[in-house]
Amino acid sequence: MCLATCYRSNPHTLSAQSTGTITSMPVEIDIERVAHLARIALTDEEMTAYSEQLVHILEHAERVQALPTDEVEPTSHPLPMVNAFRPDEVIPSLDRDDVLAGAPDAEDGYFRVPKILDES
Amino acid sequence: MTDLADLTIAQASAGLREQEFSAVDLLDAVERRAAITEAHLHAYLTLDREGAREAAEAADIALVDGDLRPLLGIPIALKDNMVTKGVETTASSQILAGWKPPYDGTAVRRLREAGAVIVGKTNLDEFAMGSSTENSAYGPTRNPWNTETVPGGSSGGSAAVVAVGSALGAFGSDTGGSIRQPASLTGIVGAKPTYGLVSRYGLIAFASSLDQIGPLARTVPDAAMLLEAVAGWDRMDATSYHGDVPAISRSLNVGVRGVRIGVVTELVGEGIDPQVLAATRATIDRLSEAGADVVEISLPAIEYALSAYYLIAPAECSANLARFEGVRYGLRVDGATTEEMMARTRAEGFGPEVTRRILLGTYALSAGYYDAFYGQAQRVRTLLRNDFATAYGQVDVLVSPTSPTTAFEIGAKTGDPLTMYLTDICTIATNLAGDPAISVPVGLDDGGLPIGFQIMAPALGEEVMFRVAAEVERLVDFTARPRLATSKVVAP
Amino acid sequence: MTEWEAVIGLETHVELQTNSKMFCGCPVDFGDEPNTAVCPVCLALPGALPVPNREAIEGILSIGDALNCTLTEDSLFYRKNYFYPDLPKNYQISQYTFPLCVDGYLDVDVDGEPTTVGITRVHMEEDTGKSTHVGESGRIHGAEHTLLDFNRAGVPLVEVVTEPDIRSPEQARAYGLELQRIVRTLGVSDARLEEGSMRFDANISVRPVGTEELGTRTEVKNVNSLRSMQRAIAFEITRQIEVLESGGSIHLETRHWDEANGATRSGRTKEESEDYRYFQDPDLLPLHIDDAWRNRVRERRPELPADKRSRYRGLGADERVADLLADAADLGELFESAVAEGADARTAGIWLTGEVVAYLRREETEVGETGLTASSLAGLTEMTAGGDLSATAAKEVLAGVLAGEGDPREVAEARDLLQISDVDAIEAEVAAVLDEHPEALAKLREGDSKPIGFLVGQVMRATGGKADPRMVQDLIRRKTQE
Ligand SMILES: [Mg+2]
Ligand SMILES: [Zn+2]
């Protein structure tokens, strides 16, 4: 049902119904959360340093937020193309030895990783 | 007689066909040059001696059979973010140290099929994030014109090897200026093609909607020849252009009479070094003397290009680089759980600039900020495209300096990310628009450092872009070479 | 005390049986050997790029069409970002705003109670790899390490999301069954829950009857049959009601169905890990489904289960029988052609879903392997209607036909089951019986009809049961009038 609600309430849309001008917000960064989302283990010192740099860069970016862009459609692809497909044909897969050759850890044909926290 | 390492691709190609020398001779010359220059530059990360030799020998056999493929037997170098089967590919990151890919990227495959001899893999800013090649996990590359300065980036290694002749040509990738700016700082030609003209399959992604592979060479015709070898639709890249490839080298000798050239107001004012500005103006005057109609044109949205770029590129890279986590390939730092292993691997495997951009992009995409940052940046991109569209309604090409300054000293900008980002001010707009642009050397500053001139064209406007570039090359006749570009220099 | 109402929404993942994967050329049907159907794309090697499989797009459009959805003209692929070791890119290519199909519905029926379940969206995405947790438990808890196989990574996956319109475990099951029938009819997936080619997640909450506001939901995963989905939902509803009535509160969380213990156990709490940072995938172009394409999908739509069921009813089959026939392709076809050859639909249907099914089960065979054909089935119903066979005899003949003893008449003759329709022969028997039982005849003549049954029985015995009892009765009546 999340997707259902997301689908209805999601702010950004393909057509010109963009939310237009965004009044610039004071940049506040929960760097710990960001680092967790990005799966990068940072020391406290690093967190402080990076959050300062990020704030600095984002303040520079606020001028962009100030731009009036009502009625402006976002560009996601430089060239206006649609529908690039491939035919439903099987192409030979890689040789498993080549696949596992570069693996940090493997076990009888599988990639091996440490135990996983129950987050799935 | 001239050292074969100093030949242009066109000259070398002719010499090979006339059998004045062999592809192996040519490779020997280039490797001899590398043996001397590398000690000063550190432009190569890997030299594939065996692979290169085999390719050169194969080329010599084909040449005897009268094979006329233009790149047959030509020694070229590849930026190390281009995936090469069996040859270590690291993108200058610790996280990929020792990775030997099981496949070739499309551009690489096409170059092999064209008979080119791949000498080795060149240094770059880690994952192409940077403008100086100082962000390499394997140490910086130095500028052959003055080894105290940077060669630019992120394709600094490819630019340096071409400048000194340890390869006759090279390929790099350009996301915000990463081909043109180093070409400008090392006195060579570098082109960023229209987005989609060259397949990105096998190019380790930085920012997917901006990345584009392109050539670096000593001359405009050489650059055109290299681009023609790799351009064209690829079924493995959904964003590759499914249409006719522009006639890139058809009009190289036509001149600029009647060509309408627009000088971008915003890029010939403050923030640009006076000597760079002077050389730019001089070149523009030459062009109008040669019969081009020159006007000034304003692209107001360009003011916002840099900010938009630094929201879009990190956002895309934060997802593109998520695949590096120690599970399937590359570095792994152990941890009690997989989550811990991943976080430690990424902390140790990524350098500071890459980490900074991943964090920035993750934040820009995270709940509540999407529209304020990424979404808004994509709309600015549209404004910019509209400005370009209007401009190209009045002119055939736009021109500007390639870089606001000549090469700066190593370490000069590493302290503050923003000042480093500002070095891309002239090049970023065309990446956001998806348009092609090329940098051609037009002189030296007082310090004897090269100055580059940028020519921009509308999407798929490569023909007129190369046409103007070739004329600039003739008019300026830039023949200077870095002191290092000779096999007589002794190792330090 | 409060009466509670359950509010249920289902998210269904269906693997499409294309030849190749969603974004690469690796085969979708792979053996048991791990990591043998992988390539740079589905392993997310550096530099690899996805290119969408056109056939998979056709597949999802046919599903959306069958679910009465609007097929969106302009649709987009997004990146759903989250780290998990079975997800090679650590983002899943999926859809967010602008999915391929929206605003549909599916009518389902629980013992004659029709409900319409709204379909919010049907979107295209890719499957993940498979993790094997190695450790005493075999479950993720207490595992020492995990082994990863990426053969399944990148298999085309269609997600069907319903509105919270379902109110009971039975309705949920009926919806699941009908959706399964539909994708199988479309031929886009074998939709097997046991094998994971069809997977249900149920979002469940309860609220006091009559209130509008939704209660806090839990998401129940890991049901591997329609039956266990029904059980899991029933359990979760009861659990939530008990928690609420004992003054507790429900937490937004994922709960895993534990088949063995017949209970759901708490997984992770949702909120924190749920910032997927969706953004449009720059490696993929927008999808544009024009009118021509949408019309083609509509034209190719096969007869859907519901339509087939009502058509069979129209032919004269009983309701329950029609449903069964519509579910069993081969019996359904035999039914249709038998009716076409003049069979009485009602009788044919009853036999097919009764005697025939029983025979097939007993003999562990298919109807195609038996001697029963459309014409023999039609012939059999005609013989019964025409009085040549008694109901009991007909069933015996059917058994013989199934066993391949010949067509109905041959079997009936061989087994000597044809009824005597020769009046004179029966008249003689009737006369003989009446002579033997004058007292019975007398009673009849006095208007006491009791003995008639006895007399008919005697005649039937004398004719070895081959006389038509109705005819015998008429003849006796006539005799008494003489
Ligand atoms: Mg899903
Ligand atoms: Zn694959």
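Analysis parameters
- Residues numbered from 1 in each chain as written.
- Chains lettered and ligands numbered in written order.
- Predicted model: local features only at pLDDT ≥ 70, side-chain atom pairs only at ≥ 80, totals over all residues.
- Heavy atoms only, no water.
- Helix = DSSP H or I, 4+ residues; strand = E, 2+ residues; numbered from the N terminus.
- Contact = heavy atoms within 4.5 Å.
- Areas by Shrake-Rupley, 256 points an atom, 1.4 Å probe, with all protein chains shown as cover.
- Rg over C-alpha atoms; globule rule 2.2 N^0.38 Å.
- Buried < 20%, exposed > 50% of the residue type's maximum accessible area, 1.4 Å probe, protein only.
- Lys, Arg positive; Asp, Glu negative; His and termini not counted.
- Charge placed at Lys NZ, Arg CZ, Asp CG, Glu CD.
- Donors = N, O, S within 2.8 Å, 3.2 Å for Na, K, Ca; no water.
- Tetrahedral: all angles 85-135°; square planar, octahedral: opposite > 155°, others 65-115°.
- Salt bridge = Lys/Arg side-chain N within 4 Å of Asp/Glu carboxyl O.
- Phe/Tyr/Trp six-rings, centres within 6.5 Å; stacked < 30°, edge-to-face > 60°.
- Lys NZ or Arg CZ within 6 Å of the ring centre and 35° of its normal.
- Pairing = 2+ DSSP bridges.
- Axes fitted to C-alpha atoms, helices over the stretch in contact; angles between N-to-C directions.
- Parallel < 35°, antiparallel > 145°, perpendicular 65-115°, else oblique.
- Left-handed = near helix turned anticlockwise from the far one by under 90°.
- Nonpolar A, V, L, I, M, F, W, Y, C, P; charged D, E, K, R; others polar.
- pLDDT = per-residue confidence, 0-100.
- Buried area = accessible area lost by both parts, 1.4 Å probe.
- Polar contact = N/O pair within 3.5 Å; in protein donor to acceptor, adjacent residues only side chain to side chain.
- Expected span 1.5 Å × (residues − 1).
- Bend = angle between axes of the 7 residues up to and from the residue.

Student: Looking at this structure, I do not really get the overall build of chain A. What am I missing?
Tutor: When helices and strands are counted, chain A shows 4 helices and 2 strands. Seen in sequence order, chain A has helices and strands lined up from the N terminus as α-α-α-α-β-β. When contacts within chain A are restricted to residue pairs at least 6 apart in sequence, those whose partners lie at least 24 apart make up 64%. Within the structure as shown, chain A displays about 6,200 Å² of accessible surface, and the carbon and sulfur contribution to it stands at 52%.

Student: Looking at this structure, I do not really get the overall build of chain C. What am I missing?
Tutor: Of the regular secondary structure elements, chain C holds 15 helices and 16 strands. Taken over the C-alpha trace, chain C has a radius of gyration of 31 Å; the compact-globule value for 482 residues is 23 Å, which it surpasses by more than 25%. Oriented by its inertia axes, the alpha-carbon framework of chain C measures out at about 100 × 55 × 50 Å. Here chain C holds 482 residues, and the buried ones make up 56% of them. Within chain C, contacts between residues separated by at least 24 positions form 68% of all contacts whose residues are at least 6 apart in sequence. By element, 47% of the accessible surface of chain C is carried by carbon and sulfur atoms, the whole surface being about 20,000 Å². With 51 positive and 87 negative side-chain charges, chain C shows a separation of 2 Å between the mean positions of the two kinds.

Student: Can you walk me through the coordination of the zinc ion (ligand 2) in this structure?
Tutor: Ideal donor angles around a metal are set by the shape: a four-donor tetrahedron calls for 109.5 degrees, a six-donor octahedron for 90 or 180 degrees. Residues and elements named next belong to chain C. At 2.3 to 2.4 Å from the zinc ion (ligand 2) lie its protein donor atoms, namely Cys24 (SG), Cys26 (SG), Cys39 (SG) and Cys42 (SG). Metal-centred angles of 101 to 115 degrees between the 4 donor atoms at the zinc ion (ligand 2) mark the site as tetrahedral. Counting along the primary sequence, the residues that act as donors to the zinc ion (ligand 2) give the motif C-x1-C-x12-C-x2-C. With Cys24 in the loop between β1 (4-15) and α1 (54-66) and Cys42 in the loop between β1 and α1, the pair connects residues that are 18 residues apart, well separated along the chain. A relative accessible area of 8% places Cys42 in the buried class.

Student: What's the story with the coordination of the magnesium ion (ligand 1) in this structure? I'm lost.
Tutor: Residue and element names in this part refer to chain C. On the protein side, the magnesium ion (ligand 1) has His13 (NE2), Glu125 (OE) and Glu159 (OE) as donor atoms, found 2.0 to 2.4 Å from it. The sequence pattern describing where the donors of the magnesium ion (ligand 1) fall on their chain is H-x111-E-x33-E. One end of the pair, His13, is in strand β1; the other, Glu159, is in strand β10 (residues 156-162), and 146 residues separate them in sequence. Glu159 shares its class with His13; the two are buried.

Student: Sorry if this is basic, but what is going on with the pattern of salt bridges here?
Tutor: As a working rule, side chains carrying opposite charge can pair if their charged atoms are close by. Applying the stated criterion across every chain yields a total of 58 salt bridges over all chains. Across the pair Glu113 of chain B and Arg109 of chain B runs a salt bridge, and its minimum N-O distance is 3.1 Å. Of this pair, Glu113 of chain B and Arg109 of chain B both sit in helix α4 (residues 106-113), 4 residues apart, roughly one helical turn. A salt bridge links Glu355 of chain C to Lys395 of chain C, with the nearest nitrogen and oxygen atoms 3.6 Å apart. Remark: Lys395 of chain C occurs in helix α10 (residues 391-402) and Glu355 of chain C occurs in helix α8 (residues 345-363); sequence separation between them is 40 residues. By relative accessible area, Glu355 of chain C is classed as partly exposed at 27%.

Student: Could you clarify how one ought to interpret the packing of aromatic side chains in this entry?
Tutor: Each aromatic ring pair is described using two quantities: the centre-to-centre distance and the angle formed by the ring planes. Enumeration over the complete set of coordinates arrives at 23 aromatic pairs over all chains. Ring geometry for Phe127 of chain B against Phe350 of chain B: centres 6.0 Å apart, planes inclined by 70 degrees, an arrangement best described as edge-to-face. Taken together, the positions of Phe127 of chain B in the loop between β3 (117-122) and α5 (156-164) and Phe350 of chain B in the loop between α10 (338-349) and α11 (352-365) put the pair 223 residues apart, joining distant regions of the chain. Each member of the pair Phe127 of chain B and Phe350 of chain B is classed as buried. Ring geometry for Tyr369 of chain B against Phe373 of chain B: centres 6.1 Å apart, planes inclined by 35 degrees, an arrangement best described as tilted. Owing to a relative accessible area of 0%, Phe373 of chain B belongs among the buried residues under this scheme. When the ring centre of Trp293 of chain C is taken as origin, the NZ or CZ atom of Arg54 of chain C, which lies over that ring, is 4.3 Å away. Over the face of the ring belonging to Tyr276 of chain C we find Lys80 of chain C, whose NZ or CZ atom lies 4.4 Å from the ring centre.

Student: Sorry, what's going on with the sheet that holds strand β1 (residues 106-107) of chain A here?
Tutor: Adjacent strands of a sheet form backbone hydrogen bonds with each other and so pair up, either parallel or antiparallel. One open sheet holds the 4 strands; their spatial order is β1(A)-β2(A)-β9(C)-β8(C), and the pairing between them is antiparallel. Single-partner strands in this sheet number two, and they are β1 of chain A together with β8 (130-134) of chain C. The pairing of strand β2 (residues 110-114) of chain A with strand β9 (residues 145-149) of chain C spans 4 bridges and is classified as antiparallel. Its bridge partner being in β9 of chain C, Val113 of chain A is matched across the sheet by Thr146 of chain C.

Student: Any chance you could explain the sheet that holds strand β5 (residues 91-94) of chain C here in plain terms?
Tutor: Reading across the sheet, the 3 strands line up as β5-β4-β15 (chain C) and stay open at both edges, with antiparallel pairing between neighbours. Edge positions in the sheet fall to β5 and β15 (279-280) of chain C, since each has one partner strand and no second. Judged from the 2 bridges that link them, strand β4 (residues 78-81) of chain C and β15 of chain C form a sheet pairing that is antiparallel. Each bridged residue has a counterpart across the sheet, and for Tyr78 of chain C the counterpart in β15 of chain C is Gln280 of chain C. The sheet contacts of helix α9 (residues 305-320) of chain B involve β4, β5 and β15 of chain C, and relative to β4 of chain C the element is tilted by about 65 degrees.

Student: Can you walk me through the packing of helix α6 (residues 319-327) of chain C against α8 of chain C in this structure?
Tutor: Helix-helix packing is described using two parameters, namely the angle between the two axes and the distance between the axes. Residue and element names in this part refer to chain C. α8 packs onto α6 with a crossing angle of 60 degrees between their chain directions and a minimal axis gap of 10 Å. Overall, the two elements α6 and α8 adopt an arrangement that is oblique. As α6 runs across α8, the sense of the crossing is left-handed. Counting all contacts with α6, which are made through Val321, Leu324 and Leu325, the residues of α8 involved are Gly349, Ile350, Leu352 and Thr353. Class assignment of the residues belonging to the contact of α6 with α8 gives a composition of 5 nonpolar, 2 polar and no charged.

Student: How should the confidence of the model for chain A be read in this particular structure?
Tutor: Should pLDDT be low for a region, the predicted coordinates there are not to be read in detail. Residues and elements named next belong to chain A. For chain A, mean pLDDT is 78; residues scoring 70 or higher make up 75% of the total. Mean pLDDT per element in chain A: helix α1 (residues 2-9) is the minimum at 27, and β2 is the maximum at 97. With pLDDT under 50 throughout, residues 1-24 is counted as low confidence; its partners more than four residues away or in other chains account for 68 contacts.

Student: Honestly, the interface of chain B and chain A in this entry has me stumped. Any pointers?
Tutor: Many authors give the size of an interface as the accessible area that is lost as the parts come together. With 63 residues of chain B at the interface, the matching set in chain A holds 57 residues. Regarding the contact of chain B and chain A, the summed buried area is about 5,500 Å², with carbon and sulfur atoms giving 70% of it. Three residues, Leu359, Tyr363 and Arg379 of chain B, lead the burial of chain B against chain A; their summed loss comes to 12% of the area buried on that side. Seen at the junction of chain B and chain A, the total is 0 salt bridges. At the boundary of chain B with chain A, the tally comes to 17 residue pairs in polar contact (both at pLDDT 80 or more). Going through the elements one at a time, α9, α10, α11, α12 (371-394) and α13 (417-421) of chain B are the ones with two or more residues in the side of chain B that touches chain A. Per-element tally for the side of chain B that touches chain A: the top contributor is α12 of chain B, with 13 residues. In terms of residue class, the side of chain B that touches chain A is built from 31 nonpolar, 19 polar and 13 charged.

Student: For this particular structure, what's the right way to read the interface of chain B and chain C?
Tutor: At the junction of the two partners, chain B supplies 38 residues and chain C supplies 31 residues. Buried area between chain B and chain C, both sides added, is near 2,700 Å², and the carbon and sulfur share of it is 64%. When the buried area of chain B at its contact with chain C is split by residue, Ala238, Arg323 and Arg328 of chain B rank highest and sum to 23% of it. Counting the contacts that link chain B with chain C gives 1 salt bridge. Elements with a contribution of two residues or more to the side of chain B that touches chain C: α9, α10 and α11 of chain B. No other element matches α9 of chain B, which puts 4 residues into the side of chain B that touches chain C. Class assignment for the residues of the side of chain B that touches chain C results in 22 nonpolar, 8 polar and 8 charged.

Student: Before we go on, may I ask you to explain helix α2 (residues 23-41) of chain B in this structure?
Tutor: Count 3.6 residues to each turn of an α-helix, and residues three or four apart come out pointing the same way. Residue and element names in this part refer to chain B. Taking 1.5 Å as the rise per residue, α2 with 19 residues should run 27 Å; its terminal C-alpha atoms sit 25 Å apart, in good agreement. Maximal helix bending in α2 amounts to about 35 degrees, located at Ala35. The buried fraction of α2 amounts to 14 of the 19 residues, a majority that puts the element mostly inside the structure. Two residues or fewer past α2, His42 is found with a positive phi of approximately 55 degrees.

Student: Help me understand the confidence of the model for chain C, please; the structure alone is not making it clear to me.
Tutor: When pLDDT is averaged along chain C, the result is 91; 97% of the residues meet or exceed 70. We note a pTM of 0.91 for the whole complex and an ipTM of 0.94 for its interfaces.

Student: Sorry, what's going on with the pairing of strand β11 (residues 198-208) of chain C here?
Tutor: As a general feature of sheets, a regular strand has side chains that alternate between the two faces. All names here are of chain C. The buried fraction of β11 amounts to 9 of the 11 residues, a majority that puts the element mostly inside the structure. As defined by bridge partners, β11 adjoins strand β12 (residues 218-223) across 4 bridges and the pair is classed as antiparallel. When the sheet's bridge partners are listed, Phe200 is paired in β12 with Val223.

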